[in-house]
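Take a look at the letters that make up each chain.
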Amino acid sequence: MTEKSTVTETPKKEIIAKLDEVLEYIQSNSMTDEQKDEMTKDTLNYFDNYVSPGWLKYRKSVSTDAAVLEWTDQDAVIHGLKGEEFIDCLGGFGIYTCGHRNKYILDVVLAQLKHQALHSQELLDPLRGYLAKAVADITPGDLEKCFFTNGGAEAVEMALKLARIATGGSWYISTIGAFHGKSMGAISMGGKGSYRVPYIPMVQQVQHVEYGNAEDTRKAIRNLTAVGEKVAAVILEPVQGEAGIIIPPKGYLKEVREICDEYDVALIFDEIQCGMGRTGSMWRCAAEGVTPDIMTFGKSFGGGIMPITGIICRSKMWVQQLIDNPWLLGSPTFGGNPVCCAAALATISYMLKEDIPGQAKEKGNYLIKKLRELANEFPEVIQEVRGIGLMIGVEFHTNEIGYNVAKELFSRGVLTAGTLVNSKTIRFEPPAIISYDQLDTVIERMKGALTDTKTEFKL
């Protein structure tokens, strides 16, 4: 006989009252100082007790005040609940290429919401078809068949599964420093031990090779083939994001493409972060003149308004098994829903009309030049500036220095953060619609952050 639980449920009236209070906050155009203080207190309490105690500690690491609540945003600026203002150079890890609450995209989403948000799962939802055609139109080569998902890791899972189904292989070649998400298959491809170790054993048939070294990839496939193991896919980021914005040598992607063709191995490019205009071209692989067999996309694909990701592949990859059973690859309940498809359609339209890739290229060149000037002025603080378009990494000599610079930038109203695999590097990924005046302000504040860091560390 088990003991009766001593845990009691919160009274229904109390739950309703608190929910009404929160809904009023959402629907209100203004809040009193008392309400703002109450929301701040609640947020700290609820994150600590109901989300994760580590979350507040993590956020403290790059801020001078863990109690800044983000509440409104527009274009390249985020406002805190109590009026704090930040120029966004983090870009939600790459989702805000078109800016925050882009009016063009938002208006389309609101219009779609007025007649339908989600889909029945049975009838044909037309926007999914229109979006698949649009993605095929803007991607390189003969990429054609689309499958829409909700998050980046889910898209990677679909790509890995598709490669196995299409090739009959079971092995994957990934790279050191890679980041493809944190679901079980995606983290198996990851290139940093601290994210993988807690889940070992995971997907077993994965071999990691040096990024940027095509010969390493060739040897890995050749050796596996020699002992009777069939490789399903090579998975690469055309620019490694979380490794610290690592750009491979020119010709690397082409050489890997040739190796995959030689051994009949599928090539997967993960363009979730570096795609959709971020690096100065719509797709980084297209700028290198290389077409993969499967490509993942996401981050800014939903225009910074709605979450939508997916994969696109060559027709030959969509084998008869998938035609016979369209749900074999996956059946995400919310994947490709109408409101998210509306956001993605508007995003593609906006990017083409406003030449977002071109803006990212020009403003990226400008920002990289200015950051390198600061690196020359503060060589004791900055080790290297690298990047392409508005996917930029600034690497410092130690983790502690980079940590401090990010903190100093936060205190000056510039939002940025480190990369997940290389903690010495902080990223600059502002929206492509950021103004040159705002970029100049960022550089001015960066100089102040570097000056104070140099003094504090006695460099």
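Going by the structure above, here's the rest.
Asker: Go over the side chain of Glu-408, please, and point to the residues and values.
Answerer: Secondary-structure assignment places Glu-408 in helix H16 (residues 399–411). Taking relative accessible area as the criterion, Glu-408 reaches 16% and is therefore assigned buried. Not counting chain neighbours up to four residues away, the residues in contact with Glu-408 comprise Ala-449, Asp-452, Thr-453 and Glu-456.

Asker: Residues and numbers for the sheet that holds strand E12 (residues 391–396), please.
Answerer: Sheet architecture is open: 4 strands sit in the order E11-E12-E15-E14, paired in antiparallel fashion. Of all strands in the sheet, those bounded by a partner on one side alone are strand E11 (382–388) and strand E14 (417–418). With 6 bridges connecting them, E11 and E12 associate as antiparallel partners. Across the sheet, Arg-386 pairs through a bridge with Gly-393, a residue of E12. This element, H16, spans E12 and strand E15 (425–428) of the sheet and lies at about 35 degrees to E15. Sitting on the sheet, helix H17 (residues 436–456) is in contact with E11, E12 and E15, with an inclination near 15 degrees to E12.

Asker: Could you give an account of helix H11 (residues 252–263), naming the residues involved and the relevant values?
Answerer: Residue pairs three or four apart in sequence face the same way in an α-helix, which turns once every 3.6 residues. Given a rise of 1.5 Å per residue, 12 residues ought to cover 16 Å, and the 17 Å separating the end C-alpha atoms of H11 matches this to within 8%. Of the residues making up H11, those classed as buried are Tyr-252, Leu-253, Val-256, Arg-257, Ile-259 and Cys-260. One face of H11 carries all of its buried residues, which in axial projection span an arc of 160 degrees. The inward-facing, buried residues of H11 contact strand E5 (171–175), helix H10 (214–226), strand E7 (231–236), strand E8 (266–270), helix H12 (284–287) and strand E10 (309–314).

Asker: Kindly report on unusual backbone geometry, identifying the contributing residues and their values.
Answerer: A positive phi angle, near 80 degrees, is found at Gln-121, a position not held by glycine. Exposure remark for Gln-121: the relative accessible area of 44% places this residue in the partly exposed category. Notably, Ile-245 is not glycine yet its phi reads approximately 60 degrees, a positive angle.

Calculation criteria
- Residues numbered from 1 in each chain as written.
- Predicted model: local features only at pLDDT ≥ 70, side-chain atom pairs only at ≥ 80, totals over all residues.
- Heavy atoms only, no water.
- Helix = DSSP H or I, 4+ residues; strand = E, 2+ residues; numbered from the N terminus.
- Buried < 20%, exposed > 50% of the residue type's maximum accessible area, 1.4 Å probe, protein only.
- Contact = heavy atoms within 4.5 Å.
- Pairing = 2+ DSSP bridges.
- Axes fitted to C-alpha atoms, helices over the stretch in contact; angles between N-to-C directions.
- Expected span 1.5 Å × (residues − 1).
- Arc of directions from axis to C-beta.

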